[in-house]
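Listed below, chain by chain, are the residues.
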Amino acid sequence: MNGAQSLIRTLVDAGVDVCFSNPGTSEMHFVAALDSVPEMRGVVGLFEGVVTGAADGYARMADKPAATLLHLGPGLGNGLANLHNARRANTPVVNIIGDHASYHKQYDAPLESDIESVASSLNGWVKRSESTAEVGADAAAAVAAAQDAPGRIATLILPADVSWGDGGKAAAPATLPGAKAVEGSTVQAIADVLRSGESVALLIGGRACREAGLRATSRITGATGAKAFVETFPSRLERGEGLPTIERLGYLAEQVTYQLDGVKHVIVAGTRAPVSFFAYPGKASDLVPEGAKVHVLAELDEDATSALTELAELVAAGTDPVLQQAARPALPTGALTAQNWVDVIGNLLPDNAIIADEANTSGVLLPAATAGAPRHDVLTLTGGAIGYGIPVATGAAIAAPDRPVINLQSDGSALYTISGLWTQAHENLNVTTVLLNNRAYAILRLELQRVGAEGSGPKAKALLDLSGPDMDFVKIAEGLGVPATRATTAEELAEQFARAIAEPGPHLIDAIVPPLF
Ligand SMILES: Cc1ncc(C[n+]2csc(CCOP(=O)(O)OP(=O)(O)O)c2C)c(N)n1
């Protein structure tokens, strides 16, 4: 066995059997080794941001990491923004980064770069494999590091000679300790806070945004009168009919200030106390109401779901969760607006859908329109680095081939990683992209006002305008192999969306919507 074969064998034995790849010469032995370990599925992405975002979407749905295969420092650098989003989602990812053969590095050939420096910005686990005999053990350690609670980016740097050398040994998977349990005394202390009679807000995140955590949270609020919120950008939120509907904390600081008005205690479980997404002149960065105390029920690496369930037993024994009833908006009519396009989605969302939400400003009314739709998962932009939607939808569709994936996708963000559509076509994935084409960086028009940037004029406006030429996403999608149609009215969107979800394979609908700002 050569090093590459031992690496892939070890990954597969540890359950990592999908590798999103954009390889180069230094990774050719890894590419060749795919044929000797048939259990590993290689999926090509045409830009590294697609590769890394797909690995994020995959792991959010599969609850286990995918591998990425990237080409030296520049390949990793191209993939960095979506690895950043994965890091903020606490998604486990195993990066395999090819490097020059060890004896070649001294020559400072054109692709020579400081891979460790690029990788270290991800605050995860980084290792360079020093010998062929060690690659298997390094790979097992990488998978374990990626899955160490709450999940992180593990990067294994693989020199070409280590990869092609003989004497590779596959390693057995490491045992994973799982999330740490919260001390009983902590749960007791939080129960006392809830019984204090003062106003309490419970903020949940991470794994607690799935059914068990949501049910416990609903019981707690029902029994104690506490408010509850889901963190602003959850990595995966389960919602819809039959689940408790817990409001998300807003994106704008003003919304959060309103949501937490009068609160004296903020309890966090699997997330952190709220902060403003950006600083604004004269406005607070810390969004915990003045004078309120923050109490940690569960840190990010602790089992927030079990802690919430134990807390519910203490303060809400005999109280059932409040479950969302089925409720869909009526099918609307007329030229597309911010309200009617979400109503179309709410009306037609298929059972058991996965929504990759990068609708940005066009999606402000989406949560209300889909609250009573059939049960679904929502994946959100955890790290604020745009261009995540198409890749994450791609990875989610590979993780969950039997579920319809709906990518609600703003135009500006789509263009960062638009080539991911080709991967969807190449793999024949069931992804329906509704492309919210507002021909603008609309959020930045709002932000331009909010940061108080005085005196902006036509030159500033021009930087935030995506019209002239107007982009034709039907042609772009078709050129990348994805069948596409254009909708300008709610009726057209409804007809095209119903058809797209009924047909296997990817589809894109270029939905022409007015910019909100
Ligand atoms: C990687 C990255 N680059 C740039 C930005 C800054 N940025 C934030 S929103 C935005 C424009 C978003 O436009 P679009 O996706 O069309 O959504 P809209 O605001 O129109 O709803 C940009 C460029 C970012 N967040 N991340």
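Residues numbered from 1 in each chain as written. Predicted model: local features only at pLDDT ≥ 70, side-chain atom pairs only at ≥ 80, totals over all residues. Heavy atoms only, no water.

## Focus on a nonpolar patch on the surface
Heads up, the rule is: The patches described consist of residues with a relative accessible area above 30% and no salt bridge, like charges being joined within 9 Å and nonpolar side chains (Val, Leu, Ile, Met, Phe, Trp, Tyr) within 5 Å. Note on areas: Shrake-Rupley, 1.4 Å probe, and residue coverage restricted to the protein chains presented here. Here, a salt bridge means any Lys or Arg side-chain nitrogen found within 4 Å of an Asp or Glu carboxyl oxygen. Secondary structure elements follow DSSP: runs of H or I no shorter than four residues count as helices, runs of E no shorter than two count as strands, and numbering proceeds from the N terminus.
Taken together, Val364, Leu365, Leu516 and Phe517 make up a surface patch of nonpolar side chains, about 320 Å² in accessible area. Here Leu516 is to be found in the segment after strand E17 (507–512).

## Looking at helix H21 (residues 490–502)
Side chains three or four residues apart in an α-helix point the same way, a direct result of the helix having 3.6 residues per turn. Spelled out, the test is: Take the number of residues in a helix, subtract one, and multiply by 1.5 Å to get its expected span. When a residue's accessible area, from a 1.4 Å probe over protein chains only, is under 20% of the maximum for its type it is buried; when over 50% it is exposed; and in between it is partly exposed. Between two residues, a contact is recorded if the distance between any of their heavy atoms is within 4.5 Å.
Between its terminal C-alpha atoms H21 stretches 18 Å, which fits the 18 Å expected from 13 residues at 1.5 Å a residue. Residues of H21 that are buried include every one of Ala490, Leu493, Ala494, Gln496, Phe497 and Ala500, and no others. Next to the buried residues of H21 lie helix H13 (338–348), strand E14 (405–410), strand E15 (431–437), strand E16 (484–487) and E17.

## Points about the sheet that holds strand E10 (residues 265–269)
Under the convention used in this document: Paired strands, as defined in this entry, are two strands with at least two bridges between them according to DSSP. Interaxial angle, 0 to 180 degrees, is taken between N-to-C directions of lines fitted to C-alpha atoms, where a helix line uses only the stretch in contact.
Spatial strand order, E8-E7-E10-E11: four strands in an open sheet with parallel pairing. The open sheet has two free edges, formed respectively by strand E8 (227–230) and strand E11 (293–298), since each of these has just one partner strand. Taken over all neighbouring pairs, the strand axes of this sheet differ in orientation by 20° on average, direction set aside. Sheet analysis places strand E7 (residues 200–204) next to E10, joined by five bridges and oriented parallel. Considered in E10, the bridge of Val200 is made with His265. Contacts between helix H12 (residues 304–315) and the sheet are confined to E7, E10 and E11, with E11 contributing the most and set at about 105° to the helix.

## So, the side chain of Ser235
Mapped onto the fold, Ser235 is located in the loop between E8 and strand E9 (237–239). Beyond its immediate stretch of four places on either side in the chain, Ser235 contacts Arg60, Ala89, Val378, Leu379, Thr380 and Thr382.

## Observations concerning the pattern of salt bridges
Per the stated rule, a full pass over the model turns up 29 salt bridges. A salt bridge links Asp63 to Arg207, with the shortest nitrogen-to-oxygen separation between them at 3.4 Å. A residue pair is termed long-range when its members are at least 10 positions apart, and Asp63 in the loop between helix H3 (48–62) and strand E3 (67–71) and Arg207 in the loop between E7 and helix H10 (211–224) qualify at 144 residues. Residue Arg207 is classed as exposed on the basis of its relative accessible area of 52%. Close ionic contact of Arg236 with Asp63 constitutes a salt bridge, the shortest N to O distance being 3.9 Å. Highlighted residues: Arg236 in the loop between E8 and E9 and Asp63 in the loop between H3 and E3, separated in sequence by 173 residues.

## Description of the nonpolar core
The test is simple: Put simply, a nonpolar core is a bunch of buried Ala, Val, Leu, Ile, Met, Phe, Trp, Tyr and Cys residues held in one set by side-chain atoms that sit within 4.5 Å of each other.
In terms of nonpolar packing, the biggest core is built from 35 residues, with Val18, Phe20, Leu76, Ile354, Leu379 and Ile398 touching the most fellow members. Those residues within four positions of Ile398 in sequence are excluded, and the remaining contacts are Val18, Phe20, Arg41, Val43, Tyr58, Glu427 and Leu429.

## Overview of the site of the ligand
Quick note on the threshold: We call a residue near a molecule or strand when any one of its heavy atoms sits within 4 Å of it. Pairs of N or O atoms within 3.5 Å make up the polar contacts considered here, provided that, within protein, one atom can donate a hydrogen while the other can accept it, and that residues adjacent in sequence are counted only when both atoms are side-chain atoms.
Lining the immediate surroundings of the ligand are 17 residues, of which Thr361, Ser410, Asp411, Ser413 and Ile443 lie closest. In the model, an oxygen atom of the ligand is placed 2.8 Å from a nitrogen or oxygen of the Asp411 side chain. The separation between an oxygen atom of the ligand and a polar main-chain atom of Ile443 is 2.8 Å. Protein contact buries 79% of the 590 Å² of open area that the ligand shows by itself.

## What to know about the packing of H10 against H12
Helix packing for two helices is described by the angle between their axes and how far apart those axes are. Applicable threshold: The cut-offs work like this: below 35 degrees is roughly parallel, past 145 is roughly antiparallel, 65 to 115 is roughly perpendicular, and the gaps in between are oblique. Each crossing is labelled by how the near helix is turned from the far one, with a counterclockwise turn of less than a right angle marking it left-handed and a clockwise turn marking it right-handed.
With their axes 8 Å apart at the nearest point, H10 and H12 run at an angle of 30° to one another. When the interaxial angle is binned, H10 and H12 end up roughly parallel. The two elements H10 and H12 meet at a crossing, and its hand is left-handed. Only Thr305, Leu308, Thr309, Leu311, Ala312, Glu313 and Val315 of H12 make contact with H10, whose side of the interface consists of Ala212, Gly213, Ala216, Thr217, Arg219, Ile220, Ala223 and Thr224.

## What about the pairing of E10?
In the case of a regular strand, side chains alternate between the two sheet surfaces. The element E10 is largely enclosed, with a buried count of five among its five residues. Of the two faces of E10, the one lined by His265, Ile267 and Ala269 and the one lined by Val266 and Val268 are each fully buried. One ladder, built from five bridges, connects E10 with E11; its direction is parallel. The partner of Ile267 across the bridge, within E11, is His295.

## Points about the packing of aromatic side chains
Going by this rule: Working definition: rings of Phe, Tyr and Trp (its six-membered ring) pair if their centres are within 6.5 Å, and the pair is stacked with planes under 30 degrees apart, edge-to-face with planes over 60 apart, and tilted otherwise.
Across all of its chains, the model carries five aromatic pairs by this definition. Each ring, one from Phe233 and one from Tyr251, has its centre 6.3 Å from the other, and the planes form 65°; the classification is edge-to-face. With a gap of 18 residues between them, Phe233 in the loop between E8 and E9 and Tyr251 in the loop between E9 and helix H11 (253–259) connect regions that are remote in the sequence. Phe233 gets classed as partly exposed once you look at its relative accessible area, which sits at 25%. Given the relative accessible area of 23%, Tyr251 is considered partly exposed. With centroids separated by 5.2 Å and ring planes inclined at 70°, the aromatic side chains of Phe277 and Phe278 adopt a geometry described as edge-to-face.

## As for unusual backbone geometry
Residue Pro150 is reached from Ala149 by a cis peptide bond, and omega for that bond is 0°. A cis geometry characterises the amide bond from Gly468 onward to Pro469, with omega recorded as 0°. Relative to the helices and strands, Pro469 is located in the loop between helix H19 (458–463) and helix H20 (473–479). The phi angle at Leu72 is positive, at roughly 50°, despite the residue not being glycine. Inspection of the secondary structure puts Leu72 in helix H4 (residues 72–78). With relative accessibility at 0%, the residue Leu72 sits in the buried group.

## Let's talk about the sheet that holds strand E5 (residues 125–128)
Read from one edge of the open sheet, six strands run E2-E1-E3-E4-E6-E5, paired in parallel fashion. What marks the edges here is a single partner per strand, and that holds for strand E2 (41–44) and E5. Taken pair by pair, the neighbouring strands of this sheet meet at an average axis angle of 20°, ignoring direction. Across the sheet, helix H7 (residues 132–147) is in contact with strand E4 (93–99), E5 and strand E6 (153–159); its angle to E5 comes to roughly 175°.

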